[in-house]
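Here are the chains, one letter per residue:
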Amino acid sequence: MVKNKEFTQTPNSIKLKKNEEILQWEVGIPMSATMATTIDIDIDTLEENPPQYMQTGYCLASPFEGFYSFDPNQQIEATAVHFQVSTTPSGSIDYVSYDPTQLRSIFFSSPSIPSNFNKIQFAVSEELKNYSHYLPNGSAMALSRINALIGQLSAIPFEEVIAELTPSQTIKIKFKLDAEKIISVTKPLDSQQERELGVDMVIFTLFIDGNAQFIRTVNIKKVINFVQKLMSE
Amino acid sequence: MSLSLSVPPYPKGIIPDVSFKYIDMDDLNKSAHIAIVRRSTFNDVSKTFDGFGGVREDALIRDGKLRNIPGLSMNLLGGKFEVSHIDFIQKAPASAYWEEGEEISFRQYIECIQYKGGSIPIYFFLSDIHKIHLPYTRKADKVTNKYLAQFEATPPVSNNERYELEGFTIVSHKPNKLNYWHVELDAFDGINPAAPVVKPKSPKKGVDKKSTSHKTQIMLELKELLTTKAMKTLSDCASVPENTYKALP
């Protein structure tokens, strides 16, 4: 596993360096330079296991250089580890802490998906204007969790989106998929609750014609797969 | 005109009568499609409901703490409690539970009534929130094994060595001194039938933080159930049959 790669970030891309070779993705996760969290990509895993990604429908170009092109409805999944970082006024990054045991998946999206990302992010930012007092202490980490969640949910096809920050320190994002279907995804923003529920776990509800069909605690990847399958039927 | 003159009189019809008995909520749930109402924490519709017509969590729970959900106050409709009665709040000692056969003197509690005009109602159907399963998992460790053994429970274990369990909700009839139609919502873990799930403020020192994780799962699902089943308007509401609350002479 490659760790501690250097990288720089711009609002719409992440550039990684490995053996002085610049690796760059165009990603669906615009990352603000002021956000005190960033990601490290397990590139070796991707290099060693391209068939796995082909089999699951992800198309990963080779070599790892330049922009990638892939099915606009798909995302590239990678293992990420969370860092807490501080930034200088010029935007360069100094690591503050790094925990390799805190792994999670992130998703790189095609350039078509950022429009979904922007819609979700707009809904969240509107909510933050009025309800940011519901964020837990250490709101930088909470914002990081929100950003990661938005990136993952950007793969969902939807018509409308609304967001809700709750006083019990969770974020709920609701999508109107079509005239009949609405889904709701709720994730804890507080570290302890997130750990207790499971890092990649969310509360997922499907509404059809206004009636909740089920409420489940599930891995977010299953939610995305379920909704993509549901909407392609 | 002073403000006090605009306050309507307290609806004395909702005060418990000596001839009343506790309502068996299971029987009531089987007999009719009963509705329940709770007062929003906000007097503003736009703060109570979201853009898709769903209720916001902070409109249901004042400070949103998970531990405050158990014992969530609501009111049964279809009897003598009308939606407009949510404007009246019973403060201690009027908020203390009424006991069967107890005769209430309204004068004794008249100072314990607060009026909050313009309250926004949030509706539920009893059948949507009573005896609803809340699936959760719990690590198969010594603490859990000891707890399960205490109640002779033998739940299945999943591949990742976690017990697969099911909690459930209960709506209980909890009349108070000035409101017979007061009910409360609780969640149970499906193991201990006597103790509602109450999330501790924070784990005690030396206690594995994961030992509370099942409570977090239950309470997050309970919140989701509440916000999911809440309604902005009520299309129909059955009457509470008299024989469910009036004791036989």
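Residues numbered from 1 in each chain as written. Chains lettered and ligands numbered in written order. Predicted model: local features only at pLDDT ≥ 70, side-chain atom pairs only at ≥ 80, totals over all residues.

Bringing the overall build of chain A into the picture now. For chain A, the count of helices and strands is 6 helices and 11 strands. Residues classed as buried in chain A amount to 35% of the 233 residues present. (Helix = DSSP H or I, 4+ residues; strand = E, 2+ residues; numbered from the N terminus. Buried ≥ 20, exposed ≤ 12 C-beta atoms within 10 Å, placed from the backbone.)

Once that is clear, we can look at the sheet that holds strand β11 (residues 211–219) of chain A. The strand order across the open sheet built from 5 strands is β7-β8-β9-β10-β11 (chain A), with neighbouring strands paired in antiparallel fashion. Looking at the sheet topology across the chains shown, the edges are occupied by β7 (160–165) and β11 of chain A. When strand polarity is set aside, the average angle formed by the axes of neighbouring strands in this sheet is 15°. Note: strand β8 (residues 170–176) of chain A against strand β9 (residues 181–188) of chain A, 7 bridges, orientation antiparallel. For Ile-173 of chain A, the partnering residue across the bridge sits in β9 of chain A and is Val-185 of chain A. Packed onto the sheet, helix α7 (residues 213–229) of chain B meets β9, β10 (201–208) and β11 of chain A and runs at close to 155° relative to β11 of chain A. (Pairing = 2+ DSSP bridges. Axes fitted to C-alpha atoms, helices over the stretch in contact; angles between N-to-C directions. Contact = placed C-beta atoms within 7 Å.)

Let us now look at the interface of chain A and chain B. Counting from both sides, the interface comprises 18 residues of chain A and, opposite them, 24 residues of chain B. Residue assignment for the side of chain A that touches chain B shows that the elements contributing at least two residues are β7, β8, β9, α5 (191–197), β10 and β11 of chain A. It is α5 of chain A that contributes the most residues to the side of chain A that touches chain B, 4 residues altogether. Here the residues of the side of chain A that touches chain B sort into 7 nonpolar, 7 polar and 4 charged. (Nonpolar A, V, L, I, M, F, W, Y, C, P; charged D, E, K, R; others polar.)

What follows covers the nonpolar core. Core analysis: the biggest nonpolar cluster contains 82 residues, and Ile-120, Ile-146 and Ile-173 of chain A together with Ile-36 and Leu-76 of chain B have the highest contact counts within it. Take this core: its biggest share by element is 7 residues, from helix α4 (residues 139–153) of chain A. Setting aside residues up to four positions removed in sequence, Leu-76 of chain B forms contacts with Ile-34, Ile-36, Phe-81, Trp-181, Val-183 and Val-240 of chain B. (Core = buried A, V, L, I, M, F, W, Y, C linked by C-beta atoms within 7 Å.)

All right, on to the environment of Phe-124 of chain B then. Residue and element names in this part refer to chain B. Summarising the element assignment, Phe-124 is placed in strand β5 (residues 121–125). Residue Phe-124 is classed as buried on the basis of its 24 C-beta neighbours within 10 Å. Here the alpha-carbon distance between Phe-124 and Pro-249, two residues 125 residues apart in the chain, equals 33 Å. Residues within four places of Phe-124 in sequence aside, it is in contact with Ile-36, Ile-129, Lys-229, Ala-230 and Met-231.

Within a sheet, adjacent strands bond to each other through the backbone by hydrogen bonds, running parallel or antiparallel. Residues and elements named next belong to chain B. Spatially, the 6 strands line up as an open sheet ordered β5-β1-β2-β8-β7-β6, and their pairing is antiparallel. Strand pairing shows two members of the sheet lacking a second neighbour, β5 and β6 (133–139), which therefore form its edges. Neighbour-to-neighbour, the strand axes of this sheet turn through a mean angle of 35°, independent of strand direction. Here 5 bridges tie strand β1 (residues 35–39) to β5, and the two strands are oriented antiparallel to one another. Each bridged residue has a counterpart across the sheet, and for Arg-38 the counterpart in β5 is Ile-122. The strands that α7 touches are β5, β6, β7 (162–173) and β8 (182–188); relative to β6, the one it contacts most, it runs at about 160°.

To continue, consider the pairing of β8 of chain A. Strand residues, when the strand is regular, have side chains that alternate between the two faces of the sheet. All names here are of chain A. Buried residues dominate β8, accounting for 6 of its 7 residues. Relative to β8, β7 is paired through 6 bridges, and the arrangement is antiparallel. Following the sheet pairing, Leu-165 is matched in β8 by Ile-171. Between β7 and β8, which follow one another and run antiparallel, lie 4 residues, and Gln-169 among them has a positive phi close to 65°.

All names here are of chain B. Sheet topology places β1 next to strand β2 (residues 72–76); 2 bridges connect them, and they run antiparallel. Paired with Ile-36 across the strands is Leu-76, a residue of β2. As paired strands, β2 and β8 are joined by 4 bridges and run antiparallel to one another. Bridge assignment links Asn-75 to a residue of β8, and that residue is His-182.

Turning to the confidence of the model for chain B, a few remarks are in order. Residues and elements named next belong to chain B. Per-residue confidence for chain B averages 87 on the pLDDT scale, and 88% of its residues sit at or above 70. Across residues 203–210 the pLDDT falls below 50, and counting only partners more than four positions away or on other chains, this stretch makes 5 contacts in the model. With a pTM of 0.75, the predicted complex shows an ipTM of 0.83. (pLDDT = per-residue confidence, 0-100.)

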